[in-house]
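Reading the structure
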Amino acid sequence: MNMQTARMLRDVTPEGGDYEIVRRVIEKISLDYRDQPSLEEIAAEVGDTPTGLQKLFTRWAGLSPKAFLQAVTLDHARRLLDSGLPLLDTAFELGMSGPGRLHDLFVTHEAISPGEYKARGAGLVIRHGIHISPFGMALVMVTDRGLAGLAFCDPGGERAAFEDMASRWPNAEFIEDIGATAPYAARVFDPSRWRSEEPLRVVLIGTDFQVRVWDALLKIPMGKACAYSDIAADIGNPTASRAVGAAVGANPVSFVVPCHRAVGKSGALTGYHWGLTRKRAILGWEAGQLSQAV
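This text gives an overview of the structure that appears in the document. (Residues numbered from 1 in each chain as written. Predicted model: local features only at pLDDT ≥ 70, side-chain atom pairs only at ≥ 80, totals over all residues. Heavy atoms only, no water.)

1. Points about the packing of aromatic side chains
Two measures describe an aromatic ring pair: the distance that separates the ring centres and the angle between the ring planes. Taken as a whole, this structure holds 10 aromatic pairs when the rule is applied. A centroid spacing of 6.3 Å and a plane angle of 55° characterise the contact between Phe152 and Phe189, whose relative ring orientation is tilted. In this pair, Phe152 sits in strand β4 (residues 146-153) while Phe189 sits in the loop between α10 (178-188) and β6 (200-204), placing the two residues 37 residues apart along the sequence. Judged by relative accessible area, which is 2%, Phe152 ranks as buried. Residue Phe189 is classed as buried on the basis of its relative accessible area of 12%. Within the aromatic cluster, the residues linked to one another by ring pairs are Phe135, Phe152, Phe189, Trp194, Phe255 and Trp285. (Phe/Tyr/Trp six-rings, centres within 6.5 Å; stacked < 30°, edge-to-face > 60°. Helix = DSSP H or I, 4+ residues; strand = E, 2+ residues; numbered from the N terminus. Buried < 20%, exposed > 50% of the residue type's maximum accessible area, 1.4 Å probe, protein only.)

What follows is the structure, given as C-alpha cells:
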C-alpha cells in the first residue's frame, strides 16, 4: 500500500476504531446468535455504551444490532429456507418493518473472450484499491471495461486478499489506483445509486462454465436464496452441483455477483470464500435494506 492510498484511507476511516468495533459486533452476533445476546451484553463485549453502539452500528449496517441479530439467526433462516420461503419472508417473521419495493443492484455485464481468458490476463491492465465497506475492507479491481474484481478482508489482510485475486490473472498488469476504483466502491455499496437507467458495468473473467454460473447468480433477487442444485439446473447441467459450487466459490466479483445467495440443498448457509461470518453479515444487511424499502 503506497503513501497516497494510506492517506486516503485515513481520511475515510471512522475515528476511534469504529470499524473494528463493528467487525467485532458482527463476529459476536454471528457466533453467539443462539444465545440471542442483548444490546447491553454486546456493548460490554466491545467496550462501548449501548446507546453509542446502537448509533454506530446502525450508521454502518443500516439496521440496529437487534435487527441484525434477528436477520442472521440461522435456526429461523434454515427453517424458512427448508420450506421454500425466501429470505424476504424471514424478514417478516423476524419482526422487521416489512418489505416494500424490492431494491437490487442493476448490472450490465459482459465476459471476456475464451482466448483472453486463456492468456491469463496478458495485455489486461487491472487497477485496484482498498476501500471501507459495510462488510470490512473491500478490494476493488477495475479494467477499462468495468468492475472486474471485488474481495473482502479484515484489517491487516489486505495484501493476502490482493494476492488471492491477482493469482487468478497472473499475466495482467496491476496498478494501485484508488482514484480509479473509488467511484465503483461508492456505487456498489450505496443502494440509492442502484438504478437501472445507470447500470453498473461489470466484466466477468473466467471459463465459459464459470461465467454461466455467475450469470445465473445475477438472476437471484435480493432477499432470496438459491440452492447449488437449482443453479445447476438453470444452466442446463443438473448433475453439476459440485462444479457449480466450485464456480460460485471462485466468483471474483463478490456481493455484486451475489454468490452469498447460494445455499446448500437443505438451506444451510454453507461456505463463503471471504468467510461465513461475512456471508451472514451481507444477508442481514440485505434484509435490512428490504425492510427499509418504501
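2. A short note on the packing of helix α2 (residues 18-32) against helix α3 (residues 39-46)
Relative orientation of the contacting elements α2 and α3 amounts to 130°, with a least axis distance of 10 Å. Comparing their axes, α3 and α2 come out oblique. Classified by chirality, the crossing of α3 by α2 is right-handed. Here Ile21, Arg24, Val25, Lys28 and Ile29 of α2 lie close against α3, whose contacting residues are Glu41, Ile42, Glu45 and Val46. Counted by class, the contact of α2 with α3 contains 5 nonpolar, no polar and 4 charged residues. (Axes fitted to C-alpha atoms, helices over the stretch in contact; angles between N-to-C directions. Parallel < 35°, antiparallel > 145°, perpendicular 65-115°, else oblique. Left-handed = near helix turned anticlockwise from the far one by under 90°. Contact = heavy atoms within 4.5 Å. Nonpolar A, V, L, I, M, F, W, Y, C, P; charged D, E, K, R; others polar.)

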